[in-house]
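# Chain and residue survey
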Amino acid sequence: MAVRATYARIYVDDLDTALPTFTALTGTQPDLRFTYGDVELASIGGCLLVAGAPQALAPYRDVQATAIVDSIDDVFAIVAKEGGETLDGPNDVPTGRNLTVRHPGGAIVEYVEIDAAKLQALPGQ
């Protein structure tokens, strides 16, 4: 099992308003942009921007980072063995599968296993 990338989560009110600043700061365009339920997400540089109304963002605000991994099943087993707590998932999501856990010590992290076919099927990809 390997962590392939980790994104800092940044919560914003409006993605279209926030993206120009992050584009200027990183010198790149968003790698990925999609909607999940009532929130809109975009990855740019080492950031995952999560946009929505306050009530839509409320369930996600405690999550501190998103990590891209080889295997959600392996993460699930490691977290259980180490005494962590599964908060949500595993779930099917627009990019593959995810799992949100509270680690021993309190950190809350979302793990995502990318499914290349689902990724290619997203609008604009």
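The structure contained in this document is the topic of the report that follows.

Rules used in this analysis
- In this numbering scheme, every chain counts its residues from 1 along its sequence in written order.
- It should be noted that, the model being predicted, local features are given only for residues of pLDDT at least 70 and side-chain atom pairs only at 80 or more, the latter also being counted only at that level, while totals for whole chains, interfaces and linings use all residues.
- With hydrogens and water stripped out, all remaining heavy atoms of the structure feed into the side-chain values.
- Burial classes follow relative accessibility: with a 1.4 Å probe on protein chains only, a residue under 20% of its type's maximum area counts as buried, one over 50% as exposed, and anything between as partly exposed.
- The numbering of helices and of strands both runs from the N terminus, where a helix is a DSSP run of H or I of at least 4 residues and a strand a run of E of at least 2.
- The directions from the helix axis to the C-beta atoms form the arc being described.
- By the convention used here, residues are in contact when the closest approach between their heavy atoms is within 4.5 Å.
- Definition of a polar contact: a pair of N or O atoms within 3.5 Å, with one able to donate and the other able to accept a hydrogen when the atoms are protein atoms, and with sequence-neighbouring residues admitted only if both atoms are side-chain atoms.

### Re helix α3 (residues 72-82)
Turning to α3, its buried residues are I72, V75 and V79. Angular distribution of buried residues about the axis of α3 spans 55°; they occupy a single face of the element. Away from the buried face of α3 by more than 90 degrees, exposed residues A80 and K81 are located. Residues of α3 that are buried in the fold lie against β5 (65-69), β6 (85-93), β7 (96-102) and β8 (108-114). A side-chain oxygen of the first residue of α3 lies 3.4 Å from the backbone nitrogen of D73; this N-cap is S71. Just past α3, the residue G83 takes up positive phi, approximately 90°.

Coordinates in, geometry out; function isn't part of it.
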